[in-house]
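# Structural characterization, general
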There are 2 protein chains.
Amino acid sequence: MRAVDIIIKKRDKQELSTEEINFFIQGYTKGDIPDYQAAAWAMAVLLNGMNPRETTDLTLAMAYSGDVLDLSGVVDIALDKHSTGGVGDKTTLVVLPMVVAAGVPVGKMSGRGLGFSGGTLDKMESIPGYRTNLTTEEFLTQLKEVGIVLTGQSADLAPADGKLYALRDVTGTVPSIPLIASSIMSKKIAAGAQGIVLDVKIGLGAFMQTLESARELAELMVDIAARAGRRAIALLSDMNQPLGYAVGNALEVKEAIETLHNRGPADFREHCLKVAAHMLILGGKAQNEAQGRELAEKTLADGSAWEEFRKLVQAQGGDVRYIDQPERLPAARLQEPLKAPQSGYMAQIHARLVGEAAVILGAGREKKGDPIDHAVGIVVHKKVGEPVEAGEPVFTIHANDPAKLAEAQQMLQEAIKISPTPVEPLPHFYGVIGE
Amino acid sequence: MRAVDIIIKKRDKQELSTEEINFFIQGYTKGDIPDYQAAAWAMAVLLNGMNPRETTDLTLAMAYSGDVLDLSGVVDIALDKHSTGGVGDKTTLVVLPMVVAAGVPVGKMSGRGLGFSGGTLDKMESIPGYRTNLTTEEFLTQLKEVGIVLTGQSADLAPADGKLYALRDVTGTVPSIPLIASSIMSKKIAAGAQGIVLDVKIGLGAFMQTLESARELAELMVDIAARAGRRAIALLSDMNQPLGYAVGNALEVKEAIETLHNRGPADFREHCLKVAAHMLILGGKAQNEAQGRELAEKTLADGSAWEEFRKLVQAQGGDVRYIDQPERLPAARLQEPLKAPQSGYMAQIHARLVGEAAVILGAGREKKGDPIDHAVGIVVHKKVGEPVEAGEPVFTIHANDPAKLAEAQQMLQEAIKISPTPVEPLPHFYGVIGE
């Protein structure tokens with residue numbers, strides 16, 4: 001078997017066999033197949049597609065390119081969730097404690113933010129002392145003894161995906177639905193997941209801009225899970241405007257804590273309840289969404305979800321005084337409102353521009369490895385559809401640098417549209433796949 | 001400007017600007033743009049195409065990636081010819097002396113054979129002493145003083161093309177008409193050509209399998225020449241069966257010498273006359289094909305073409321005793337006929353299989369740098385359409401190794417088809433473009 005023949009086959013729109021996909025991914029992982037052949041192959045896949053069977057083979061080849069965690073001795077069912085990324089998406093911080101409080105232990109590996117899209121690890125690191133670099137052994141021990149873990153991906157999981165993703169990033173081969181689906185699912189499978197809730201975001205602040213493409217991605221991932229002997233449920237959720245109000249690391253932790261205290265923004269709470277309900281279905285604690293939702297609501301109302309969050313922070317070395325008194329969390333020196341230029345109805349709060357303004361302030365990173373400022377960010381005061389009066393604050397900008405503040409102000413002015421006539425609120429969800 | 005954005009633009013089927021193409025090719029030549037980005041870009045070009053303006057820009061960017069010869073001080077008009085490659089194609093050996101004898105000095109750089117397709121340099125090296133590695137200075141001096149040169153491409157010409165071609169070979173991105181056209185034309189332009197006759201082969205033993213694709217390639221190259229301020233004429237010629245009778249280096253030199261002595265196979269003689277006639281049109285010696293043909297025929301009849309060939313061999317260090325008495329040229333130890341299994345009419349002599357059988361015998365190379373055996377090869381005794389009797393020799397196989405002989409025999413048996421009913425001869429030409 002030769003790599004060039006596999007490239008030619010895909011170039012000519014033919015289906016690759018399981019053996020060919022395994023040969024290519026194993027060869028690429030070992031370095032026998034060079035980057036330039038993988039780049040040509042990835043472009044051919046992007047332009048000519050792969051069917052679900054090929055995509056599942058690719059997923060499994062990448063998952064098994066390194067270690068695959070086996071959590072069967074530690075938990076009854078290994079649950080996971082994944083968000084395709086968005087602005088203000090602090091869902092894991094609330095959902096994980098809820099699900100654990102409802103009786104299903106969860107050990108989860110999360111990622112960092114890149115570009116306009118935030119990352120769970122960066123948010124958790126707003127809490128002084130919190131460790132996101134647990135070893136596999138620490139992960140397993142904590143999952144067994146504490147029942148809740150939230151840490152970074154260990155380097156040995158799906159190394160083929162890590163290598164291929166870095167290559168796709170510089171060769172214009174990121175936006176391929178089969179490549180995106182296999183990248184996500186390979187990491188979940190390598191992390192040992194048996195049941196996965198996929199939060200597929202759609203809209204201005206998401207990688208998927210249209211409902212059609214998001215649905216295609218979601219259906220493919222649910223199909224891959226089934227073909228790989230796992231179960232996945234995908235939620236199609238809105239990411240035209242930020243989720244909740246807070247965008248920026250410590251600001252989002254504060255909002256998550258509020259939500260865990262049975263308060264918090266209505267849209268974000270709704271989002272967390274839906275994700276948690278579906279995780280509880282996969283975890284065997286609920287027969288349907290209504291039951292799962294009831295269980296999840298109870299963990300907010302009785303404080304048990306909050307207790308699990310506190311246990312998590314403590315177990316991973318975080319200083320709980322900062323979450324018990326969230327006003328201690330990093331705060332920015334400058335807090336400037338951005339006021340509505342006219343009265344009317346909020347017609348758009350462009351999630352991507354808000355995310356990019358947060359990156360400018362220092363809350364996110366342009367490229368991997370850039371340092372971030374946990375204190376800065378943006379608080380949004382309105383949701384699309386709400387009435388707004390001229391001069392009323394639409395955003396509060398939290399900044400540590402006046403020049404960056406000015407730049408963010410300008411960008412945020414462009415992020416909003418106010419309509420003189422009433423505007424429908426945006427939906428939270430567009431559908432569920434694989435229920 | 002970023003390489004990845006140029007890849008993305010082509011991935012998304014957009015037209016690249018002149019600046020973008022120059023940036024990409026200059027960056028790739030210098031090594032600032034890595035192979036993996038060039039590979040993804042080449043696959044995007046192959047699958048999404050380039051228009052003639054982009055292809056011309058690519059051609060010029062590659063031509064000017066290294067030295068560009070200026071022959072204006074040495075010859076009135078710099079003529080060149082190019083064949084897209086085939087089996088038994090020794091045309092240059094005859095055409096070059098004819099055109100020079102008709103009054104237009106020509107300095108030509110040729111290539112080596114690869115795979116089933118032979119190369120002019122390998123053929124000339126059958127003549128002991130013949131040098132194919134002239135320096136640029138030697139090239140210019142000989143062109144000025146002798147009026148005829150036939151040597152290898154100096155390493156400094158179109159280095160971007162050399163680098164990109166090697167990459168395309170291992171990334172499945174060879175068969176792209178814009179990439180093929182720009183590769184050919186960039187080398188011709190770098191070699192200083194102002195008028196170029198392109199011999200575009202079609203059929204079983206050609207890179208272009210269909211008349212449509214050959215015509216597309218030919219039209220594109222003629223268009224590129226015009227856009228780049230040169231003039232090209234493209235001939236569409238048959239390569240379903242080998243050209244002439246001889247396939248293999250010394251065997252082809254002997255056939256070329258026969259032809260220069262105003263004998264030789266009718267189809268090959270016809271081919272050379274047509275190519276030479278069009279070179280003479282471009283060289284300003286003929287108004288039309290008929291005039292050019294008459295001039296060219298005269299050089300065969302009066303021995304002047306043969307004299308030019310002799311001058312060429314002598315100028316480049318070749319031992320003229322070997323061409324004066326071609327029976328001195330390398331000859332194979334084993335000469336075995338392959339007989340017709342039945343009577344009928346020759347319906348197919350599969351040029352590619354004949355070429356591959358010659359490679360097996362040692363006449364060609366599987367990969368760059370492999371040594372070759374100048375003595376071995378195949379002589380074809382029939383043309384498609386000719387009657388054939390059972391037991392009559394169809395091929396004579398010239399071999400130096402019995403095992404390779406046996407292997408070639410088997411392959412050649414599969415190369416022929418004999419029909420019980422009469423078969424039309426194959427045309428020599430399918431059209432002329434740019435006349």
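All figures in this text were calculated on a predicted structure; none of them were measured in a lab. (Residues numbered from 1 in each chain as written. Chains lettered and ligands numbered in written order. Predicted model: local features only at pLDDT ≥ 70, side-chain atom pairs only at ≥ 80, totals over all residues. Heavy atoms only, no water.)

Next up on the list: the domain arrangement of chain A. Split into domains, chain A comes out as domain 1 (3-49), domain 2 (79-324) and domain 3 (331-419). Measuring from the centre of the C-alpha atoms in domain 1 of chain A to the corresponding centre in domain 3 of chain A gives 43 Å. (Domains from an automatic or database assignment.)

Our next topic: the packing of helix α4 (residues 52-63) of chain B against helix α9 (residues 177-190) of chain B. Residues and elements named next belong to chain B. For the pair α4 and α9, interaxial distance at closest approach is 8 Å and the crossing angle is 40°. Judged by the angle between their axes, α4 and α9 are oblique. With respect to the hand of their crossing, α4 and α9 are arranged in right-handed fashion. Within the contact between the two elements, α4 uses Thr55, Leu58, Thr59, Leu60, Met62 and Ala63 and α9 uses Pro178, Leu179, Ala181, Ser182, Ser183, Met185, Ser186, Ile189 and Ala190. Split by residue class, the contact of α4 with α9 holds 10 nonpolar, 5 polar and no charged. (Axes fitted to C-alpha atoms, helices over the stretch in contact; angles between N-to-C directions. Helix = DSSP H or I, 4+ residues; strand = E, 2+ residues; numbered from the N terminus. Parallel < 35°, antiparallel > 145°, perpendicular 65-115°, else oblique. Left-handed = near helix turned anticlockwise from the far one by under 90°. Contact = heavy atoms within 4.5 Å. Nonpolar A, V, L, I, M, F, W, Y, C, P; charged D, E, K, R; others polar.)

Time to look at unusual backbone geometry. With the exception of glycine, most residues fall at negative phi, and the peptide bonds are largely trans. Residue and element names in this part refer to chain A. Here the phi dihedral of Lys13 falls at roughly 65°; this positive angle occurs in a residue that is not glycine. For Lys13, the position within the fold is in the loop between α1 (3-11) and α2 (18-30). Despite not being glycine, Asn262 has its phi angle at roughly 70°, a positive value.

Here the focus is the interface of chain A and chain B. Across the contact, 21 residues belong to chain A and 21 residues belong to chain B. Approximately 1600 Å² of surface area, both sides summed, lies buried where chain A meets chain B, with 76% of it carried by carbon and sulfur atoms. Between the two partners, chain A and chain B, sit 0 salt bridges. Looking at the side of chain A that touches chain B, its residues break down into 13 nonpolar, 5 polar and 3 charged. (Buried area = accessible area lost by both parts, 1.4 Å probe. Salt bridge = Lys/Arg side-chain N within 4 Å of Asp/Glu carboxyl O.)

Moving on, we get to the side chain of A:Lys123. Residues and elements named next belong to chain A. Mapped onto the elements of the fold, Lys123 is located in helix α6 (residues 120-124). On the basis of relative accessibility, which here comes to 1%, the residue Lys123 falls in the buried class. A polar contact is formed between the side chain of Lys123 and the backbone oxygen of Asp89, at a distance of 2.8 Å. Among the polar contacts listed, one links the side chain of Lys123 to the side chain of Glu252, at a separation of 2.8 Å. Not counting chain neighbours up to four residues away, the residues in contact with Lys123 comprise Asp89, Lys90, Leu93, Gly118, Asn249, Glu252 and Val253. (Buried < 20%, exposed > 50% of the residue type's maximum accessible area, 1.4 Å probe, protein only. Polar contact = N/O pair within 3.5 Å; in protein donor to acceptor, adjacent residues only side chain to side chain.)

Quick look at the relation of the copies chain A and chain B now. Mapping chain A onto chain B is achieved by rotating through 180° and translating by 0.0 Å along the same axis, at an RMSD of 0.1 Å. These values place the two chain copies in the arrangement generated by a two-fold rotation axis. The rotation axis passes nearest to the C-alpha of A:Tyr36 in chain A, at a distance of 1.9 Å. (Least-squares fit on C-alpha atoms with pLDDT ≥ 70 in both.)

Counted according to the given criterion, the structure contains 6 aromatic pairs over all chains. Ring centres of A:Phe116 and A:Phe207 lie 5.6 Å apart, and the angle between their planes is 40°; this geometry places the pair in the tilted category. Note that A:Phe116 is positioned in the loop between β2 (106-110) and α6 and A:Phe207 in the loop between β4 (195-202) and α10 (211-227), a separation of 91 residues in sequence. On the basis of relative accessibility, which here comes to 51%, the residue A:Phe207 falls in the exposed class. Taking 6.0 Å as the distance between ring centres and 35° as the angle between the ring planes, the aromatic pair formed by B:Trp306 and B:Phe309 counts as tilted. Residue B:Trp306 and its partner B:Phe309 are both found in helix α14 (residues 304-315); the two are separated by 3 residues, about one turn of the helix. A cation over a ring is seen here: A:Lys274 above A:Phe429, with NZ or CZ 4.7 Å from the ring centre. (Phe/Tyr/Trp six-rings, centres within 6.5 Å; stacked < 30°, edge-to-face > 60°. Lys NZ or Arg CZ within 6 Å of the ring centre and 35° of its normal.)

Right, let's get into the sheet that holds strand β5 (residues 231-238) of chain A. Residues and elements named next belong to chain A. Taken in spatial order, the 4 strands of this open sheet run β1-β4-β5-β13, and their pairing is mixed. Strands at the two margins of the open sheet, each flanked by one partner only, are β1 (79-83) and β13 (429-433). Between one strand axis and the next, the sheet turns by 15° as a mean value, whatever way the strands run. Relative to β5, β4 is paired through 8 bridges, and the arrangement is parallel. Counted as the bridge partner of Val197 is Ile233 from β5. Packing against the sheet, α10 makes contact with β4, β5 and β13, and its axis sits at approximately 165° to β5. Relative to the sheet, helix α12 (residues 266-282) contacts β1, β4, β5 and β13, its axis offset from that of β4 by approximately 150°. (Pairing = 2+ DSSP bridges.)

A few words on the pairing of strand β3 (residues 148-152) of chain B. Residue and element names in this part refer to chain B. Within β3, 5 of the 5 residues are buried, which leaves the element mostly enclosed by the surrounding structure. Looking at chain direction, strand β2 (residues 106-110) and β3 are connected through 5 bridges and run parallel. Bridging across to β3, Val106 finds its partner in Ile148.

Before going further, it helps to spend a moment on the sheet that holds strand β9 (residues 377-380) of chain B. Residue and element names in this part refer to chain B. The strand order across the open sheet formed by 4 strands is β6-β9-β11-β7, and the pairing between neighbours is antiparallel. Taken across any chain shown, the strands that pair with only one partner, and hence form the sheet edges, are β6 (246-247) and β7 (334-339). Note that β6 and β9 share 2 bridges and pair antiparallel. Of the residues in β9, the one forming a bridge with Val247 is Ile378.

A word on the packing of helix α8 (residues 159-171) of chain B against α9(B). Working note: a packed helix pair is described by the angle between its axes plus the distance between those axes. Residues and elements named next belong to chain B. Packing of α8 against α9 brings their axes to within 10 Å, and their N-to-C directions diverge by 150°. When the axes of α8 and α9 are compared, the pair comes out roughly antiparallel. Between α8 and α9 the crossing geometry is left-handed. Along the contact surface, α8 presents Asp161, Tyr165 and Arg168, while α9 presents Leu179, Ile180, Ser183, Ser186 and Lys187. By residue class, the composition of the contact of α8 with α9 is 3 nonpolar, 2 polar and 3 charged.

In this section: the environment of B:Leu300. Residues and elements named next belong to chain B. Tracing the backbone shows Leu300 in helix α13 (residues 289-301). Taking relative accessible area as the criterion, Leu300 reaches 3% and is therefore assigned buried. With 27 residues separating them along the chain, Leu300 and Leu273 place their C-alpha atoms 9.6 Å apart. When neighbours within four sequence positions are excluded, Leu300 is seen to be in contact with Val94, Met98, Thr259, Leu260, Asn262, Arg269, Leu273 and Ala305.

Residues and elements named next belong to chain A. If you walk through the whole model with that rule in mind, you get 60 salt bridges over all chains. Note that Lys123 and Glu252 form a salt bridge whose closest N and O atoms lie 2.8 Å from each other. With Lys123 in helix α6 and Glu252 in helix α11 (residues 249-260), this pair connects stretches of sequence that are 129 residues apart. In this pair, the class of Lys123 matches that of Glu252, namely buried.

Residue and element names in this part refer to chain B. With respect to the helices and strands, the residue Tyr130 is situated in the loop between α6 (120-124) and α7 (136-145). Given the relative accessible area of 6%, Tyr130 is considered buried. Between the C-alpha atoms of Tyr130 and Val320, which are 190 residues apart in sequence, the distance is 9.5 Å. There is a polar contact of 2.7 Å between the side chain of Tyr130 and the backbone oxygen of Leu150.

To continue, consider the pairing of β4(A). In the case of a regular strand, side chains alternate between the two sheet surfaces. Residues and elements named next belong to chain A. A large share of β4 lies buried, amounting to 8 of its 8 residues. With burial as the criterion, each face of β4 is covered, one bearing Gly195, Val197, Asp199 and Lys201 and the other bearing Ile196, Leu198, Val200 and Ile202. Pairing of β1 with β4, which is carried by 5 bridges, proceeds in the parallel orientation. Paired with His82 across the two strands is Leu198, which belongs to β4. On the question of chirality, the crossover connecting β4 to the parallel β5 by way of α10 is right-handed. (Right-handed = clockwise from strand over helix to strand, strands pointing away.)

We now examine α7(B). The periodicity of an α-helix, 3.6 residues per turn, causes residues three or four places apart in sequence to face the same way. Residue and element names in this part refer to chain B. For α7, the full list of buried residues reads Phe139, Gln142 and Leu143. Within α7, the buried residues cover an arc of 100° as seen down the axis, which keeps them to one side. Turned more than 90 degrees away from the buried face of α7 sit Glu137, Lys144 and Glu145, all of them exposed. In this structure, the buried residues of α7 make contact with β2, β3 and α14. Looking one or two residues beyond α7, the residue adopting positive phi is Gly147, at roughly 90°. (Arc of directions from axis to C-beta.)

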